[in-house]
Amino acid sequence: MEYKDYYATLGVPRTATPAQIKKAFRSLARKHHPDVNKGDAVAERRFKDASEAHEVLADPEKKKLYDQLGADWESYQRAGAGAAGGARGAGGDPFAGFAGFPGGAGGRSAGGPGGVRFEYHGDPEDLAGFSDFFRTFFAGGAAPGGAASGPSRSHGGARRQPGRVASAPEGTLEDMLAGFRGGGFEVDGRPPPQLRQDAEAEAEISLEESFHGTQRRVEIEGRRLEVRIPRGVDTGRRIRLSGKAGSGPDAGDLYLRVKVQPHPVFTRSGTDLRRELRLALGEALFGGEVPVQTLKGRVLLNIPAGTQNGRLFRLKGQGMPRFGAAEGDPPAGDMLVTVRVLLPTDLDEEAKEAGQRFTELARQPDPRA
């Protein structure tokens, strides 16, 4: 099952209180309920996702497993009812209920009734460096020190982490499995699940590509992937490709981090774009229609007579597309245009005389008064 970030689904932080979780769910449920959005498949999916997230996060026991075990929480929960029951009985210890671990089924040995059977089929020498508890437990009751001393070895390129494994009963089941990865341990006769290894790459795109959407080719482990970058993405946005970092059911996700390059004309501020527009003296004095280049194309801006230098004009909907816009939100931002009036230079004598005559006729009051 694909891992879902239930906190992101509800739009709450991981430190959210039960009241905040409940409030966020009610808000999403009202917005996306099928009775309110008849025939809207997207709204129905969001309603189901919100309901699923609320079902887990509103249940203290499920939430504790989800917070401790992450993406594989349900897999570990399905490993045996005794495991979940032990966790409840031991104050949230994820090892509770696993046979042979503290708090589990009265401390029964590995493979005891009601527990999950852990077995080790490797060389006992590989247990050197583990705590006495783990050497005794996994080496079939060997006395402390019975395993040969010396540095631990690895299988399949996965290096042991003795220090981490030794403290596993006080950590999480995922911590313990990380130390056993690639080794000879089995859970109920099956190898422990491999921990997901995600990967990340960066893609630089232009502002125009962000506006129109684009594609990038990513190479990972000898494979080439075509990644579609949707419209409106901004620097820092990550695009997830589920299960593309590796192969098999335990493959991690590939994250493509986007970086939008600076533009020589436009400056981005969220979904709004800013730019300057130069005006001739006559255009500012007497007004008129002036062409303005946008990322959509050219539009005509109506300049009123007497436009002052620095005046700001807003072109509605001429900004960046709104990434992931919800129903009812504006599809795009605006463009904010600041005018810069350029005065004529290198006037000849005739132009100077005409200009002086004009200023006398205009009778402009003292701007510093």
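Below or above, wherever it landed, is the structure these notes cover. In this text the structure is predicted, and so the values were computed from the model without any measurement.

### Side note on the packing of helix 2 (residues 18-32) against helix 3 (residues 41-57)
Here is step 1: Two elements in contact, helix 2 and helix 3, have axes whose closest approach is 9 Å; the angle formed by their N-to-C orientations is 160 degrees. Classified by the interaxial angle, the pair formed by helix 2 and helix 3 is roughly antiparallel. In this structure, helix 2 crosses over helix 3, and the sense of that crossing is left-handed. Contacts between helix 2 and helix 3 pair Ile21, Lys22, Phe25, Leu28, Ala29 and His32 from the former with Ala43, Glu44, Arg46, Phe47, Ala50, Ser51, His54 and Leu57 from the latter.
Here is step 2: Class assignment of the residues belonging to the contact of helix 2 with helix 3 gives a composition of eight nonpolar, three polar and three charged.

### Side note on the packing of helix 3 against helix 4 (residues 60-69)
Here is step 1: Helix 4 packs onto helix 3 with a crossing angle of 100 degrees between their chain directions and a minimal axis gap of 6 Å. Here helix 4 runs roughly perpendicular to helix 3, going by the angle between their axes. Between helix 3 and helix 4, the contacting residues are Glu55, Val56 and Leu57 on the first element and Lys62, Lys63 and Tyr66 on the second.
Here is step 2: In the contact of helix 3 with helix 4, the residues fall into three nonpolar, no polar and three charged.

### Quick word on the pairing of strand 9 (residues 272-280)
Here is step 1: Here strand 9 shows one buried face, formed by Leu273, Arg275, Leu277 and Leu279, and one open face, formed by Asp272, Arg274, Glu276, Arg278 and Ala280.
Here is step 2: Across three bridges, strand 8 (residues 267-269) lies against strand 9 in antiparallel orientation. If you follow Ser269 over to strand 9, its bridge partner there is Asp272.
Here is step 3: The antiparallel pairing of strand 8 with strand 9 creates a hairpin that spans two residues between the two strands, and Gly270 there sits at a positive phi of about 70 degrees.
Here is step 4: Alignment of strand 9 against strand 13 (residues 335-342), held across eight bridges, turns out to be parallel. Among the inter-strand pairings, Leu279 is bridged to a residue of strand 13, identified as Val341.

Analysis parameters
Residues numbered from 1 in each chain as written. Predicted model: local features only at pLDDT ≥ 70, side-chain atom pairs only at ≥ 80, totals over all residues. Heavy atoms only, no water. Axes fitted to C-alpha atoms, helices over the stretch in contact; angles between N-to-C directions. Helix = DSSP H or I, 4+ residues; strand = E, 2+ residues; numbered from the N terminus. Parallel < 35°, antiparallel > 145°, perpendicular 65-115°, else oblique. Left-handed = near helix turned anticlockwise from the far one by under 90°. Contact = heavy atoms within 4.5 Å. Nonpolar A, V, L, I, M, F, W, Y, C, P; charged D, E, K, R; others polar. Buried < 20%, exposed > 50% of the residue type's maximum accessible area, 1.4 Å probe, protein only. Pairing = 2+ DSSP bridges.

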